[in-house]
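Observations on chain architecture
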Amino acid sequence: MKINANYLNLNESYLFSTIAKKVNAYTQAHPEKKVLRMGIGDVTLPLAPAVVSAMQKAASEMGEKETFRGYGPEQGYPFLKEAIRGYYASRGISLEEDEIFVSDGAKSDVGNILDIFDTDNTVLVPDPVYPVYVDTNVMAGRRIVFADAAAENGFLPMPDENTDADIIYICSPNNPTGAAYSAAQLAEWVAYARKKGAVILYDAAYEAFVSEKGLARSIFEVEGAKECAIEFCSLSKTAGFTGTRCGYTVVPRALVRGGASLNKLWLRRQTTKFNGVSYIVQRGAEAVFSEEGMAQVQKNLEVYRRNAAVLSECLDSLGIPYTGGKNSPYIWMKCPGFSDSWKFFDYLLEMANVVGTPGGGFGKNGEGYFRLTAFASEEATKEAAERLKLLFSK
Ligand code: PLP
């Protein structure tokens with residue numbers, strides 16, 4: 001028996017468990033302190049009423065002989081795929097129903113998609129970025145090269161003709177930097193991928209936060225993207241589904257590599273290893289895309305946008321450089337006076353009782369930076385901003 005020894009090459013501890021351990025140790029030592037958690041990217045506002053009533057109705061259906069449902073289609077119920085199709089159509093993107101695959105969230109799909117690619121591929125990953133892309137490829141033993149994101153390129157690396165890559169990750173708006181590509185910038189990535197015969201894995205988990213004109217919400221806004229890209233999306237941040245679990249992945253029919261349709265390979269993978277998302281959750285997800293649901297979801301997004309504005313204004317007033325906060329729930333700030341982001345984490349926890357995420361946890365280029373999120377309550381966000389002002393205006 002041989003284990004998958006690639007697992008031994010993973011960093012020992014997942015970023016957020018290390019943070020949780022540090023925060024727990026601090027709160028145990030200082031039970032009187034009120035710690036403000038501006039670190040983990042989890043939402044805090046409840047599900048929209050339209051979603052809740054759709055799920056209640058679906059739960060009742062499951063309790064009646066006539067309307068009970070067993071296994072559903074692995075790729076998702078047609079009613080939800082139709083709703084997602086409509087969501088894309090409202091943004092001028094036309095998809096076929098069988099190009100949409102409903103799942104229990106983007107994290108699973110981003111990891112699982114790698115099943116359809118050989119391990120003998122070179123993967124291009126932005127640095128810094130959501131750690132799942134690197135870890136899932138380390139698990140498979142793939143070669144990883146990095147696209148450097150830094151203040152100089154606005155944290156938006158562009159393709160380099162001299163770098164060869166087969167699988168390209170793009171996360172826009174980016175976690176952790178909040179930087180978002182324009183369609184014109186994405187067009188350069190599409191051209192590069194087509195030239196190299198590569199596939200772009202486009203993570204649009206935060207597309208709903210894009211508010212500035214000219215910035216892309218989907219890679220399929222770019223002509224030719226359907227021949228080289230797969231898009232992952234999630235209701236986690238859009239509609240507060242982090243605990244409810246629902247996402248979707250778009251694999252265009254036009255995407256062919258090695259003579260095979262990637263849509264067919266993914267369908268084969270999903271029908272073999274996945275048994276679909278619960279009917280109740282899919283009814284809830286369908287309600288997100290209704291007129292009523294969309295309006296309610298936007299209200300919650302507005303709260304997070306206001307929080308991001310509060311944090312941005314605070315950093316502006318302190319003269320601390322940052323990106324994000326406008327088209328993203330993340331604010332990516334330079335650690336004032338610190339080059340080690342974990343040391344800054346400890347300092348902020350100790351001095352202001354504010355928890356953030358050290359940039360170093362997202363890649364080597366994240367060192368010296370720190371991620372704050374807009375997902376805390378309005379009160380906590382305002383208080384955190386006040387504490388930052390007090391600490392750094394000295
Ligand atoms: N992709 C990115 C960039 C994320 O930041 C996250 C969660 O934080 C996910 C995917 C995971 O989303 P889901 O909850 O749908 O699994």
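A brief structural summary. Worth saying up front: this structure is predicted, and the values here are computed from it rather than measured. (Residues numbered from 1 in each chain as written. Predicted model: local features only at pLDDT ≥ 70, side-chain atom pairs only at ≥ 80, totals over all residues. Heavy atoms only, no water.)

1. Points about the packing of helix H10 (residues 291-318) against helix H12 (residues 378-392)
Helix-helix packing: each pair is described by the crossing angle between the helix axes and the interaxial distance. Look at H10 against H12: their axes get within 10 Å of each other, and the N-to-C directions meet at 5 degrees. Judged by the inter-axis angle, H10 sits roughly parallel to H12. Contacts between H10 and H12 involve Val303, Arg306, Asn307, Val310, Leu311, Cys314, Ser317 and Leu318 on the former and, on the latter, Glu378, Thr381, Lys382, Ala385, Leu388, Lys389 and Phe392. Each residue belonging to the contact of H10 with H12 can be placed in one class, and the counts come to 8 nonpolar, 3 polar and 4 charged. (Axes fitted to C-alpha atoms, helices over the stretch in contact; angles between N-to-C directions. Helix = DSSP H or I, 4+ residues; strand = E, 2+ residues; numbered from the N terminus. Parallel < 35°, antiparallel > 145°, perpendicular 65-115°, else oblique. Contact = heavy atoms within 4.5 Å. Nonpolar A, V, L, I, M, F, W, Y, C, P; charged D, E, K, R; others polar.)

2. As for empty space enclosed by the protein
Following the criterion strictly, the structure yields 2 cavities of 30 Å³ or more and no others. Lining the largest cavity are 16 residues, and of these Pro126, Pro157, Tyr169, Ile170 and Tyr181 sit closest to its centre. Going through the elements one at a time, strand E3 (122-127) and strand E5 (167-171) are the ones with two or more residues in the lining of the largest cavity. Ranked by the residues each element gives to the lining of the largest cavity, the list is headed by E5, at 4 residues. Classifying every residue of the lining of the largest cavity by side-chain character gives 15 nonpolar, 1 polar and no charged. Approximately 50 Å³ is the volume found for the second largest cavity. If you trace the second largest cavity, you find it lined by Val43, Leu45, Pro46, Lys237, Thr238, Ala239, Gly240, Val297, Asn300, Leu301 and Tyr304. The set of elements that each furnish at least two residues to the lining of the second largest cavity consists of helix H7 (236-239) and H10. Per element, the largest residue contribution to the lining of the second largest cavity is 4 residues, and it comes from H10. (1 Å grid on protein atoms, 1.4 Å probe; cavity = no way out; pocket = protein on both sides within 12 Å on 5 of 7 lines; lining within 4 Å. Points joined across faces, edges and corners; volume = space filled by probe spheres on them.)

3. Looking at the site of the ligand
In the region of the ligand, 14 residues are neighbours, and Ala106, Asp203, Tyr206, Ser234 and Ser236 sit closest. Between the ligand and the protein, one listed contact pairs an oxygen atom with a backbone N or O atom of Ala106 at 2.7 Å. Take Ser234: an N or O atom from its side chain is 2.6 Å from an oxygen atom of the ligand. Relative to its free-state accessible area of 400 Å², the ligand is covered by the protein chains to the extent of 91%. Sorting the residues of the shell around the ligand by element identifies helix H4 (106-112) and H7 as the ones contributing at least two each. Here the shell around the ligand is composed, by residue class, of 6 nonpolar, 4 polar and 4 charged. (Near = heavy atom within 4 Å. Polar contact = N/O pair within 3.5 Å; in protein donor to acceptor, adjacent residues only side chain to side chain. Areas by Shrake-Rupley, 256 points an atom, 1.4 Å probe, with all protein chains shown as cover.)

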